[in-house]
Amino acid sequence: MSSTLLTPLRVGPHLLPNRLFVAPMAGVTDRPFRQLCKQLGAGYAVSEMVTSRKDLWKTLKTSRRANHEGETAPIAVQIAGTDAAMMAEAAAYNIERGAQIIDINMGCPAKKVCNKWAGSALMQDEPLALEIIEAVVAACLPHGVPTTLKMRTGWSAEHKNAERIARAAESAGIAMLTVHGRTREQGYKGQAEYDTIAAVKAAVQIPVVANGDITSADKAREVLRLTGADALMIGRAAQGRPWIFGDIAHFLATGEHRAAPMTAQVQRWLLDHLEDHYGLYGEFAGVRTARKHIGWAVRALPGGEAFRARMNLLETCADQVRAVQDYFEQLAVDHDRLPLSHDAALPGDDAESTDASEAEAAHPAACFAH
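Residues numbered from 1 in each chain as written. Predicted model: local features only at pLDDT ≥ 70, side-chain atom pairs only at ≥ 80, totals over all residues. Heavy atoms only, no water.

Caption draft 1: Molecular detail of the overall build of the chain. Secondary structure summary: the chain contains 14 helices and ten strands in total. Of all 370 residues assigned to the chain, the portion counted as buried reaches 60%. Taking contacts inside the chain between residues at least 6 apart in sequence as the whole, the part at least 24 apart equals 71%. (Helix = DSSP H or I, 4+ residues; strand = E, 2+ residues; numbered from the N terminus. Buried < 20%, exposed > 50% of the residue type's maximum accessible area, 1.4 Å probe, protein only. Contact = heavy atoms within 4.5 Å.)

Structure follows, in structure tokens:
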């Protein structure tokens, strides 16, 4: 079964090259990061959430989130909101600007979003959730654009309704479902559970994507076995380690872990990513938003924490690039390959919820669905 993840998956008219997907994460999965993950083995990536509020579509934040210049097709845009008509209009607006797949966010747990009854809060109001689904599907259908849905297992341990919503969503025309194996109440704490994802998979005929705590190739195989899912979506483990998609593909194809990447190659990937990142954000915002990507890349490497502390004080793109070059060149003197084991430290709960904290600091609709 694991080898099926390496085969194409059809979503509407689109044939995805494999079934290893990048989870949408606010402040992380912008166009440069999506392109990097696709380059390194991901078969599909969804944009950061775009608000359904029309008055915010022209803001700099939304315009950056909706930037798909040069991105590999299909272009998938996630939208969020609480009003069916506004969500339908947002779908049409993004389709006009190049979206080829529209994803509905019903998984964001951030308080600022749930207090507005958006994100995973919609799972408490099934009639409204279905109204939104039907409206978005209807808006996408004339354009031949499939609609997908990302949700959690439910609002709380006592109120798990993913299976019921999944059936209704399939009947309404949803083309693919992604289920994060936590309730909204859990946020990003504890362990993801996969029984509910397996139940959703058994309940519907459309593709089901498993999400949550997939942090290694071994875990990917285990989650696939436990859920029977058609695809896997990976979030925090790709932060600073975007080649994880290739690692998983290699392991599923051969049963063996591939060697860590060459240190010089990682340096090249990171520098290319930074160049693309600065191009999107400009100098001032680019330097500041790049810090987390650099920090994730070095977090488990020798001297990484000390380097990150120094790097966070730099104020120009040129200084940041020079610091990254120097760090990795020095690292390569002693380590031809990146000195990371397959059990290397990954972002913990606070790092995984970086996406939620960024969302809470921004507009409610600028959330994350991981």
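There is more to say, and it comes next.
Caption draft 2: Quick look at helix 3 (residues 84-96). With 13 residues, helix 3 extends 19 Å between its outermost C-alpha atoms, agreeing within 8% with the 18 Å of an ideal straight helix rising 1.5 Å per residue. Of all the positions in helix 3, only Ala84, Met87, Ala88, Ala90, Ala91, Tyr93, Asn94 and Ile95 are classed as buried. Where helix 3 begins, the capping side chain belongs to Asp83, and its oxygen is found 3.1 Å from the backbone nitrogen of Ala85. Directly after helix 3, the chain includes Gly98, whose backbone phi takes a positive value near 110°. (Expected span 1.5 Å × (residues − 1). Polar contact = N/O pair within 3.5 Å; in protein donor to acceptor, adjacent residues only side chain to side chain.)

Caption draft 3: Quick look at the packing of aromatic side chains. Inspection of every chain in the model, using the stated rule, returns four aromatic pairs. Aromatic side chains Phe21 and Tyr44 sit 4.9 Å apart centroid to centroid with 70° between the ring planes, which places their arrangement in the edge-to-face category. You can see Phe21 sitting in strand 3 (residues 20-22) and its partner Tyr44 sitting in strand 4 (residues 44-51), a full 23 residues away along the chain. One exposure class covers both Phe21 and Tyr44, and it is buried. An angle of 25° between the planes, with centres 4.6 Å apart, marks the rings of Phe307 and Tyr327 as stacked. You can see Phe307 sitting in helix 11 (residues 304-311) and its partner Tyr327 sitting in helix 12 (residues 317-334), a full 20 residues away along the chain. Residue Phe307 is classed as buried on the basis of its relative accessible area of 4%. A network of ring pairs unites the aromatic residues Phe307, Tyr327 and Phe328 as a single cluster. When the ring centre of Phe284 is taken as origin, the NZ or CZ atom of Arg288, which lies over that ring, is 3.8 Å away. (Phe/Tyr/Trp six-rings, centres within 6.5 Å; stacked < 30°, edge-to-face > 60°. Lys NZ or Arg CZ within 6 Å of the ring centre and 35° of its normal.)

Caption draft 4: Up close: the sheet that holds strand 4. Overall, parallel pairing links the eight strands, which are arranged 3-4-5-6-7-8-9-10 in a closed barrel. Across the sheet, the axes of successive neighbouring strands diverge by a mean angle of 25°, strand direction being ignored. Pairing of strand 4 with strand 5 (residues 76-80) involves four bridges; the strand directions are parallel. Bridging from a neighbouring strand, Thr51 pairs with Ala80 of strand 5. Each of strand 3 and strand 4 is contacted by helix 1 (residues 31-39), which is oriented at about 165° to strand 4, the strand it contacts most. Helix 9 (residues 244-254) rests against strand 3 and strand 10 (231-234) of the sheet, and its axis sits at about 165° to strand 3. (Pairing = 2+ DSSP bridges. Axes fitted to C-alpha atoms, helices over the stretch in contact; angles between N-to-C directions.)

Caption draft 5: Spatial organisation of helix 7 (residues 195-203). Of the positions making up helix 7, those classed as buried are Thr196, Ile197, Val200 and Ala203. Take helix 7 and look down its axis: the buried residues cluster within an arc of 125°, on one side only. What points out from helix 7, more than 90 degrees from its buried face, is the exposed set Asp195 and Ala202. Against the buried residues of helix 7 lie helix 6 (162-172), strand 8 (176-180), strand 9 (208-211) and helix 8 (217-227). (Arc of directions from axis to C-beta.)

Caption draft 6: Structural detail: the packing of helix 1 against helix 10 (residues 263-298). Interaxial distance between helix 1 and helix 10 falls to 9 Å at its minimum, and their mutual angle equals 165°. Relative to helix 10, the element helix 1 is oriented roughly antiparallel. Relative to helix 10, the crossing made by helix 1 is left-handed. Here helix 1 contributes Arg31, Pro32, Phe33, Gln35, Leu36 and Gln39 to the contact with helix 10, which in turn contributes Trp269, His273, Asp276, His277, Leu280 and His293. Residues of the contact of helix 1 with helix 10, tallied by class, amount to five nonpolar, five polar and two charged. (Parallel < 35°, antiparallel > 145°, perpendicular 65-115°, else oblique. Left-handed = near helix turned anticlockwise from the far one by under 90°. Nonpolar A, V, L, I, M, F, W, Y, C, P; charged D, E, K, R; others polar.)

Caption draft 7: Structural context of the confidence of the model for the chain. On average, residues of the chain score 86 in pLDDT, and 83% of them reach the 70 mark or higher. Confidence over residues 348-370 falls short of pLDDT 50; this stretch has 78 contacts with residues more than four positions distant or in other chains. (pLDDT = per-residue confidence, 0-100.)

Caption draft 8: Region of the structure containing the nonpolar core. Counting 71 residues, the largest nonpolar core has Ile102, Leu149, Met151 and Leu177 as its most contacted members. Sort the elements by how many residues they give to this core and helix 5 (residues 126-140) lands first, with nine residues. Residue contacts for Leu177: discarding those within four places in its chain leaves Leu149, Met151, Ala166, Ala169, Val200, Val204, Ile206, Pro207, Val208 and Val209. (Core = buried A, V, L, I, M, F, W, Y, C linked by side-chain atoms within 4.5 Å.)

Caption draft 9: Quick peek at the pattern of salt bridges. One pass over the structure, following the stated rule, counts 16 salt bridges. The salt bridge partner of Glu96 is Arg97, with a shortest N-O separation of 3.2 Å. According to the relative accessible area criterion, Glu96 is exposed, its value standing at 63%. Judged by its relative accessible area of 40%, Arg97 is partly exposed. Of the charged contacts, one joins Arg268 and Asp272 as a salt bridge, the two residues approaching to 3.1 Å between their closest N and O atoms. Linking Arg268 with Asp272, this pair stays in helix 10, spanning four residues, or about one helical turn. Note on Arg268: relative accessible area 42%, which makes it partly exposed. (Salt bridge = Lys/Arg side-chain N within 4 Å of Asp/Glu carboxyl O.)

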